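Okay, here's what each chain looks like letter by letter:
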Amino acid sequence: MTRATAVRAVLAVAVLLASVFITLTMSPRLGLDLQGGTRIVLQARDTATVEADRETTDRTLEVLRQRIDSLGVSEPTLTRSGEDRIIVELPDVQDPRQAAEVIGRTAQLTFHAVEGEGTDQSEEKTPAPESTTDPTPATEPAPDSDRLTLPDEQGRLLALGEPRLSGAGVEDATAAFDAQGGAGWTVSLEFRKGAGQDWKKLTGEAACHPAGDDRRRVAIVLDEKVISSPQVDPSVGCRAGLPSGATQITGSFSADEARDLALLIKGGALPVPVEIVEQRTVGPTLGAAAIDASAQAALIGAAATALFITVVYRLFGALAAVALGAYGVISYAALVALGVTLTLPGLAGFVLAIGMAVDANVLVFERAREECADRPTRSLRSALTTGFRKAWSAVADSNATTLIAAGLLFFLGSGPVKGFGVTLAIGVVASMFSALVIARALTEIAANSRFVSDYRGVNGIARPGAVRTWLVRKDPKLFRKSARWLVVSAALVVVAVAGIVVRGVELGVEFTGGRLVEYSTSRPVDVETARDSIAAAGFGDAEVTTAGDGDLSVRTGKLDNDGEHALRAALAEEGGETTKVRDELIGPSLGDELRRNALIALGVAVAVQLAYLAVRFRWTFAVASVVAMVHDVILVVGAFAWLGRPVDGIFLAALLTVIGYSVNDSVVVFDRVRELWGANRRTPLDTIARRAVLQTVPRTVNTGMGALFILAALAVLGGDSLADFALALLIGIVVGTWSSVFTAVPGALALERSAKAPPPPAPGKGKGTPRGKARAARRDPLDNGARV
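Residues numbered from 1 in each chain as written. Predicted model: local features only at pLDDT ≥ 70, side-chain atom pairs only at ≥ 80, totals over all residues. Heavy atoms only, no water.

1. Considerations on the state of the cysteines
What makes a disulfide is a covalent bond joining the sulfur atoms belonging to two cysteines. Here is the rule we go by: We call a pair of cysteine sulfur atoms a disulfide whenever their separation is within 2.5 Å. Only DSSP runs of H or I reaching four residues or more are called helices, and only runs of E reaching two or more are called strands; each is numbered from the N terminus.
Under the criterion given, the structure shown has 1 disulfide. For C208, the disulfide goes to C238, at an S-S distance of 1.8 Å. Sign of the S-S torsion, about 80° for the bond between C208 and C238, identifies this disulfide as right-handed. Here C208, found in the loop between helix 5 (193–206) and strand 10 (218–222), pairs with C238, found in the loop between strand 11 (225–228) and strand 12 (247–253); they are 30 residues apart in sequence, far enough to count as distant.

2. A closer look at the pattern of salt bridges
Just so we agree on the cut-off: Salt bridges, as used here, are contacts in which a Lys or Arg side-chain nitrogen is within 4 Å of a carboxyl oxygen on Asp or Glu.
Going through the model one piece at a time under the given rule, you end up with 33 salt bridges. When salt bridges that share partners are traced, they join R39, E89, E278, R280, E518, R582 and E584 into one network.

3. Brief notes about the sheet that holds strand 10
Let me state the cut-off plainly: Only strands that DSSP links by at least two bridges are regarded as paired with each other. Between the N-to-C directions of two axes lies an angle of 0 to 180 degrees, each axis being a line fitted to C-alpha atoms and, for a helix, fitted only over the stretch in contact. We call two residues in contact whenever any of their non-hydrogen atoms come within 4.5 Å of each other.
Ordered by their spatial adjacency, 5 strands build an open sheet running 6-7-5-10-11, and the pairing between neighbours is antiparallel. The sheet is open, and its two edges are formed by strand 6 (148–151) and strand 11, each paired on a single side. Taken over all neighbouring pairs, the strand axes of this sheet differ in orientation by 50° on average, direction set aside. Alignment of strand 5 (residues 110–117) against strand 10, held across 4 bridges, turns out to be antiparallel. What sits directly across from H112, in strand 10, is A219. Sitting on the sheet, helix 5 touches strand 5, strand 7 (157–166) and strand 10, and the angle it makes with strand 7 is about 150°.

4. Let's talk about empty space enclosed by the protein
The gaps left among the atoms become clear once a water-sized probe is rolled over them. Our working definition: We place a 1 Å grid over just the protein atoms. Points where a 1.4 Å probe fits but has no way out form a cavity, open points with protein on both sides within 12 Å along at least 5 of 7 lines form a pocket, and any residue with an atom within 4 Å of a point lines it. Grid points are joined across faces, edges and corners, and a volume is the space filled by probe spheres set on the points. Three classes are used, and their members are as follows: Ala, Val, Leu, Ile, Met, Phe, Trp, Tyr, Cys and Pro are nonpolar, Asp, Glu, Lys and Arg are charged, and the others, Gly among them, are polar.
Scanning all chains against the criterion turns up 5 cavities of 30 Å³ or more. Lining the largest cavity are 17 residues, and of these M356, A357, D359, N399 and S431 sit closest to its centre. Secondary structure elements with two or more residues in the lining of the largest cavity: helix 8 (344–356), helix 9 (359–374), helix 10 (380–412), helix 11 (416–447), helix 21 (649–679) and helix 22 (685–717). Considering each element in turn, the lining of the largest cavity owes the most residues, 5 residues, to helix 11. In terms of residue class, the lining of the largest cavity is built from 8 nonpolar, 6 polar and 3 charged. Approximately 90 Å³ is the volume attributed to the second largest cavity. For the second largest cavity, the lining is made up of 13 residues, of which L363, R367, V668, R672 and T696 are closest to its centre. Of all the secondary structure elements, the ones that give two or more residues to the lining of the second largest cavity are helix 9, helix 10, helix 21 and helix 22.

Shown next as structure tokens:
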């Protein structure tokens, strides 16, 4: 064992031991879509005097935190997103009506002077004469005035003056039991410095009226509702007022009433109004089912992938399967240790990355097979080392393009889709470690064994694969008329575009706005019956479809929480006990924003991939790869249009992953074209391209099979939540494999005919390569050295 192998082995063992320890001692942090609960996104709005910036949004968040704490929700999470959004996550909350009611108190808390008894203007026959003290209609401000007529706690109408003080001036409000004074439960108020003077002036003016007069009262109003209207104590003199620290609201309060009043006064003052732009509720059974399904898909897919690479690469394939298992432990431990919130798309990304983790091993093993075929007498260890060295460029570039896609998902995605980007990125890094450190250490140790070296059929790389042997023997002239492949690709694009135009793209509620609720009923209910019941309840515009195993999916436009409760009650009349499985509410403004961001994400993905490929390869190769990538995107979207499947945020995650996968395949092919062309500068490019494709097809097929096993398991076992995600990726991998060979390569050949750039330099030229190695590098990799 060499020193380098020993270092890799020690590093692999250390990382594995740490990962096992983390896995056994720490629990994953589950998102609401896996553990069940409600997620609400709030948009802070500007007022005439206050701008909804970062500072005011942070203050609003703290006020909302106090409100949420009053609900008794276990471990609620409130975070600011961007400059003016707040994300509220409430685990285990299935009925968001109370939470939305508490959060939705968007009006500012205000303090008013009482100007006398109010009059309900709707009972008057003639308009009241103009007067500065005329009452206004209940709960509606008079024209050009902030005066209100509102019922007090007992229901009596009071005419209120304009707001004299806002809740932003409240420093604290506490409920306490006054045993010494015999006042019972009271609420003490403290105001900030400037607000304290306004409060003293307001109570001083009220004290100028006789005891028992309505005008001696001060009204505290929240959301145009009087929550308290105490009389100023008779001991307070006219114009004297109450100092901030000595203000007490007394009354026949119970303990709960006093605490609620203190909470409303202290937590009712929002610096800026907020609007619910997104609300999602997931039942606990759906999250548990998704975890179980993903676990089953991971086990079945990983077992199938491990069996496949073992059959193809024998002993070395089995060692790669061991490294694949180590990859799963390391990536899971990294997710847990970093505190990453594991969402449903993130879980799917974790499972998908298992299938993609074999890519680097396949690249290395195929390279090692080529070295053994070129020089049958060389040692197995030497061939393996050369395979790792020559595969490094393709491994680095292909993983870089996937990391770019993951970064775009994180920065441009929303909600759970960000989690997919994080798990995908962690999976890429972990797969690189498992392939280049763990798998390399295991295979190098095995290669030093005489038994493994002598029995060439055991190690799996000493003989070329059956697919490659067949292709080399047939030697198909793939690109003699390369334009015909471009015609076929163009025809496929036309069919896809026709689906988009004729059938249309069914945008999910995430992109259109509205509400989508999925229900499970104790008795079977067909769609027509459910639609009639919902229409009879006043929801005639609702779309009803089936979902999952007999569940019902209802999609509407604007629907508040009370309306959703009435809709559920209508379904319960026909279906018995009705349980809400999933609930998504997206405001129209957020829907427009998400749709716009999705288009931006796709545009940025194309631009970034083009820029990266242009730096790493010739511009002709870069343009051809991006054209193939756009071809894949159109075909996937067109397929969903023809199938009538919804396009939502999770579909966007799948589409960006397809972009990374498509470029990944193209990179591997063009990396080989660049190498062969540099070593054979006088050989026609179409011949070089044919050789490159034939040499890389085994890698493309073997890697694609690993991902297909995982995706097929997700599509079958993942249910509705993951079926569309898996379907989009299945289509994307198939068309990506096609386009990397029959769209990207012919496109590059067409562009090279008009390009004037010289062929790439020979490998190792100008880098101080030793003479022997330079001579070996200049030899055609297809030349096995035999001469007659």
